[in-house]
Amino acid sequence: MDDRKLLEHKVARRSVLGGLAASLAAGVAATADTLAPKVAQAATAPAEVPSIPGYDWSKHAWAYGVDATKCIGCLRCVEACKAENDVARDPHHFRTWVERYVEIEGEETARIDSQADPVNIAASSSEGTYRFADRYKDEKVHKAFFVPKLCNHCTHPACVQVCPTGATFKTDDGVVVIDHTYCIGCQYCVQACPYGARFFNAELQVTDKCTWCYHRITKGLQPACVEVCPVEARIFGDRNDKNSAISKFIADNRVTVLRPETGNAPNVFYVGLDKEVI
Amino acid sequence: MLIATGVCTMPKHIRRLLLLIAAFAVLAVATRFILVDKSFYQFGHYRGAAVAEIAHDKPKYQGTEFCRSCHAAPYAAWSTGVHNRPLIGKTVKCEVCHGAGGGRDAEQDYVNATTGPIHPANLKLTVPRDTRAVCTLCHERIVGRPVQQAQVIPRDHAADEQCTLCHNPHSPRTFVGATLALEHRGSIAVGKLKSEACAGCHGADGVSAGLPGPTLAGQDEAYLVNALRAYKTGKRDNPMMSPMVADMSDDELVDVAAYFSSLKCTLAPVAQERVAAAQTSGASVCTSCHGFNGAGALHIAPHLAGQSKDYLAEALRSYASGARPHPVMTALGKTLSEQALDNVATFYAGATCN
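Chemist: What is the right way to look at the overall build of chain A in this model?
Modeler: Per the secondary structure count, chain A includes nine helices and 10 strands. Looking at chain A as a whole, 42% of its 278 residues qualify as buried. Residue pairs in contact within chain A that sit at least 24 positions apart in sequence constitute 61% of those at least 6 positions apart.

Chemist: Looking at this structure, how should I read the overall build of chain B?
Modeler: Looking only at helices and strands, chain B features 18 helices and six strands. In chain B, which comprises 354 residues, the share counted as buried stands at 36%.

Chemist: Explain the packing of helix α16 (residues 309-321) of chain B against helix α18 (residues 338-349) of chain B here, please?
Modeler: A pair of packed helices is characterised by two quantities: the angle between their axes and the separation of those axes. Residue and element names in this part refer to chain B. In contact at an axis separation of 8 Å, α16 and α18 are set at 140° when each is read in the N-to-C sense. Regarding the angle of α16 to α18, the classification is oblique. Between α16 and α18 lies a crossing of right-handed hand. Contacts between α16 and α18 involve Lys309, Leu312, Ala313 and Leu316 on the former and, on the latter, Leu341, Asp342, Val344, Ala345, Thr346, Tyr348 and Ala349. Split into classes, the residues belonging to the contact of α16 with α18 amount to eight nonpolar, one polar and two charged.

Chemist: Is there a simple way to explain the interface of chain A and chain B in this structure?
Modeler: In this assembly, 63 residues from chain A lie in contact with 54 residues from chain B. The set of elements that each furnish at least two residues to the side of chain A that touches chain B consists of α2 (22-43), α3 (76-85), β2 (96-104), β4 (141-150), α7 (214-217) and α8 (224-228) of chain A. With 11 residues, α2 of chain A is the largest single contributor of residues to the side of chain A that touches chain B.

Chemist: Is there a simple way to explain the sheet that holds β2 of chain A in this structure?
Modeler: Strand pairing in a sheet relies on backbone hydrogen bonds, with the paired strands running either antiparallel or parallel. Residue and element names in this part refer to chain A. If you trace the three strands from one edge of the open sheet to the other, you get β3-β2-β4, paired in antiparallel fashion. Of all strands in the sheet, those with a lone pairing partner are β3 (111-114) and β4, marking the two edges. Strand-to-strand twist in this sheet, taken as the mean axis angle between neighbours without regard to direction, amounts to 20°. Pairing of β2 with β3, which is carried by four bridges, proceeds in the antiparallel orientation. From the neighbouring strand, Arg100 faces β3, where its bridge partner is Asp113. Of the strands in this sheet, β2 and β4 touch α3, which is tilted by about 160° from β2.

Chemist: Sorry if this is basic, but what is going on with unusual backbone geometry here?
Modeler: In most cases, non-glycine residues show a negative phi, while peptide bonds are predominantly trans. Of note, the phi angle at Leu75 of chain A is positive, near 65°, even though the residue is not glycine. Mapped onto the elements of the fold, Leu75 of chain A is located in the loop between β1 (62-67) and α3.

Chemist: Would you explain the pairing of strand β9 (residues 234-238) of chain A in this entry?
Modeler: Side chains on a regular strand alternate between the two faces of the sheet. All names here are of chain A. With respect to burial, β9 is a largely interior element, four of its five residues being buried. With five bridges connecting them, β1 and β9 associate as antiparallel partners. Its bridge partner being in β9, Trp62 is matched across the sheet by Asp238.

Chemist: How should I be thinking about the packing of helix α11 (residues 221-233) of chain B against helix α13 (residues 250-262) of chain B in this particular structure?
Modeler: Residue and element names in this part refer to chain B. Axis separation between α11 and α13 bottoms out at 9 Å; the angle between their running directions is 140°. In this view, α11 runs oblique relative to α13, as classed from their interaxial angle. Taken as a pair, α11 and α13 cross one another with a handedness that is right-handed. Contacts between α11 and α13 involve Glu221, Leu224, Val225, Leu228, Arg229 and Lys232 on the former and, on the latter, Leu253, Val254, Val256, Ala257, Ala258, Phe260 and Ser261. When the residues that make up the contact of α11 with α13 are grouped by side-chain class, the tally is nine nonpolar, one polar and three charged.

Chemist: So what exactly am I meant to see when it comes to the environment of Gly294 of chain B here?
Modeler: All names here are of chain B. Take Gly294: it is sitting in the loop between α15 (287-290) and α16. The exposure class of Gly294 is buried, given the 26 C-beta atoms found within 10 Å. Each C-alpha atom of the pair Gly294 and Phe347 lies 9.4 Å from the other, and the pair is 53 residues apart in sequence. Setting aside anything within four residues of it in sequence, one finds Gly294 in contact with Cys286, His303, Leu304, Ala305, Tyr348 and Ala351.

Chemist: Please explain the confidence of the model for chain B as it appears in this structure.
Modeler: Parts of the model with low pLDDT should not have their predicted coordinates read in detail. All names here are of chain B. Predicted confidence across chain B gives a mean pLDDT of 79, with 80% of residues reaching 70 or more. Below pLDDT 50 for its whole length, residues 104-118 participates in 28 contacts with residues either more than four positions away or in separate chains. Overall fold confidence (pTM) sits at 0.70, and the ipTM for the predicted complex is 0.82.

Chemist: I keep staring at the nonpolar core and nothing clicks. Help me out?
Modeler: Across soluble globular proteins, you tend to see nonpolar side chains buried next to one another. With 83 residues, the main nonpolar core has Cys77, Val78, Ala80, Trp212, Tyr214, Cys225 and Val228 of chain A as its most contacted residues. In contact with Val78 of chain A, other than residues within four places in its own chain, are Phe94, Thr96, Trp97, Val98, Gln115 and Tyr130 of chain A. Of all hydrophobic cores here, the second largest spans 17 residues; its members include Val225, Ala258, Phe260 and Cys265 of chain B.

Chemist: I would appreciate a short explanation of the sheet that holds β9 of chain A in the present structure.
Modeler: All names here are of chain A. Pairing within the open sheet is mixed, and its three strands lie in the order β9-β1-β10. At either margin of the open sheet sits one strand with a lone partner, and together these are β9 and β10 (268-271). Looking at each pair of strands side by side, their axes are set apart by 20° on average, direction ignored. Of the pairings in the sheet, the one linking β1 to β10 comprises four bridges and is parallel in character.

Chemist: Would you mind showing me how to read the confidence of the model for chain A here?
Modeler: Residues and elements named next belong to chain A. With 83% of its residues at a pLDDT of 70 or more, chain A shows a mean pLDDT of 87. Below pLDDT 50 for its whole length, residues 20-32 participates in 11 contacts with residues either more than four positions away or in separate chains. Ignoring residues within four places in sequence, the model shows residues 34-46, a span with pLDDT below 50, making 21 contacts including any to other chains.

Chemist: Any chance you could explain the environment of Ala197 of chain A here in plain terms?
Modeler: Locating Ala197 of chain A in the fold gives a position in the loop between α6 (188-192) and β7 (199-201). Taking C-alpha positions, Ala197 of chain A is 7.6 Å from Cys210 of chain A, a pair spaced 13 residues apart along the chain.

Chemist: Got a minute to help me understand α11 of chain B in this structure?
Modeler: For the α-helix, the turn length of 3.6 residues means that residues three or four positions removed from each other point alike. Residue and element names in this part refer to chain B. If you check α11, its first and last C-alpha atoms are 18 Å apart, about what 13 residues at 1.5 Å a residue would give, namely 18 Å. Of the positions making up α11, those classed as buried are Tyr223, Leu224, Val225, Asn226, Ala227, Leu228 and Tyr231. For α11, the elements touching its buried residues are α12 (241-246) and α13. Where α11 terminates, the next one or two residues include Gly234, which has phi positive at roughly 90°.

Chemist: Is there a simple way to explain the environment of Cys289 of chain B in this structure?
Modeler: By secondary structure assignment, the location of Cys289 of chain B is in helix α15. For the pair formed by Cys289 of chain B and Pro302 of chain B, sequence separation is 13 residues and the distance between their alpha carbons is 8.6 Å.

Chemist: What is the right way to look at the pairing of β4 of chain A in this model?
Modeler: All names here are of chain A. Counting buried residues along β4, seven of its 10 residues qualify, which places the element largely inside the surrounding structure. Bridging between β2 and β4 involves nine bridges; their strand directions are antiparallel. Across the sheet, the residue bridging to Glu99 is Val147, located in β4.

Rules used in this analysis
- Residues numbered from 1 in each chain as written.
- Chains lettered and ligands numbered in written order.
- Predicted model: local features only at pLDDT ≥ 70, side-chain atom pairs only at ≥ 80, totals over all residues.
- Helix = DSSP H or I, 4+ residues; strand = E, 2+ residues; numbered from the N terminus.
- Buried ≥ 20, exposed ≤ 12 C-beta atoms within 10 Å, placed from the backbone.
- Contact = placed C-beta atoms within 7 Å.
- Axes fitted to C-alpha atoms, helices over the stretch in contact; angles between N-to-C directions.
- Parallel < 35°, antiparallel > 145°, perpendicular 65-115°, else oblique.
- Left-handed = near helix turned anticlockwise from the far one by under 90°.
- Nonpolar A, V, L, I, M, F, W, Y, C, P; charged D, E, K, R; others polar.
- Pairing = 2+ DSSP bridges.
- pLDDT = per-residue confidence, 0-100.
- Core = buried A, V, L, I, M, F, W, Y, C linked by C-beta atoms within 7 Å.
- Expected span 1.5 Å × (residues − 1).

What follows is the structure, encoded as structure tokens:
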């Protein structure tokens, strides 16, 4: 939905809600929830699939691959994502980001920085453009690599479980999205996500995160970050298609996921992660 | 009847309570009907209409075919160049450098913006203003970048110059000014016939003993073609050369270049003098364009090895004075003292040429 329309809609909704007596509303909502399913179903003729032209979500199972051995840390994905999805051009809000792990001789843990690190922001020309600074040239580095990160679109997403309004949900084709007209900005989901993939959009007062560019993939396009990646470090595709790039990526490589112990069952598969990466 | 009797006989406070509950129930259903979207629970515990709404957004990144429909020439250069190598997994698409659909100029990072008929009113083809900042995003040598990626230390590689001074950004292995887009392949035999007049200044068989002309034998063919064309178009102005090429056709220029580049230069190295000069020449800055030992690295810069010392010194002086303007050489020439200039000339004059 267009941002300005969304803002107007939310303001209007708030003024209506404000007019109702708070206690009455609470009582009504509690009662209504028990009756809701039958009423809602009776009120609409349920369609089988959402009305997206030329697209049937029951035929797809989207998944994402990251080959960390190929990533060159150019951050074109980060800027493309911001442009494609109108994410604020500041160094604090990202739907996808890139981390750099640097192991230095004599240090027990790796140093980790991302494009949002002040040193890296200083190396770029503005807060809306990103680059990794050449900051470790005088250190004795024995290992260093980049890891692109994004929402994992988990099979059992903790964020969806905690949402009190049904504003965030998992579509039948495997994408976790946010309905911004229903999001009340409580940020439970931001807390629940073990990957830090969600952020709060203060202007719209809603939570935001990666949607795998749902408006693109439903039109047969690749997500913007995959579209611009110059080295094929990011792979996207349909697991129902055994010949798709992602099916081959998963079949041909020993893939892993981030933090499998959380039980979220991520759908972003990684190649080339080191022990330090979580 | 029984119910009615029951309700009638029911104590008043119980009846009121039941009425109140019934009223709440009606209100709840009505409120629910008004407030909750009709598509809620259509597919699950969420507003079903939201799926189509999210999918409805318009994509901004359009892909290379979109660009190709108008920008065929840059597309052709790109598609055959090193920035389009899908077989080895390297593809730098148009929008990686030019922005989404050409329209990402929110912070005025770009110049030369033009609006075409297909682009929406506020979307423009954007050209990076500072190619040094753009190219180094991928090609600056930094910790963490995998070894298979081509990387340079920008200051050592190109001082403060823009990348596009030498590289065609659409096809970076093509060097600006070095493309021999020839319909006609140079003929050495024809070139020999046409080059009789050259011997007066450039020596017999293209080996010059000194001023006024440089040694041409063994010189890079692309460099020669471009130099001859520059004289013909007036881009390079020389009282001797300009009239010489004025009446020659482009094919003849190519033939002459083919002839001279096919020759061997035979000047003997001046070993001892050269070693002494090398200590203080500062010739290391020359190698990035002219190659190690002046044997040529890029087609944009000539071979220096085997040129006469007098010619090299004279050329450097004319660069420094501005008589022969050049974006790189004029600046470099000004940094050289007369002694350093002499040393550089001695160093390359003594280098072995092939």
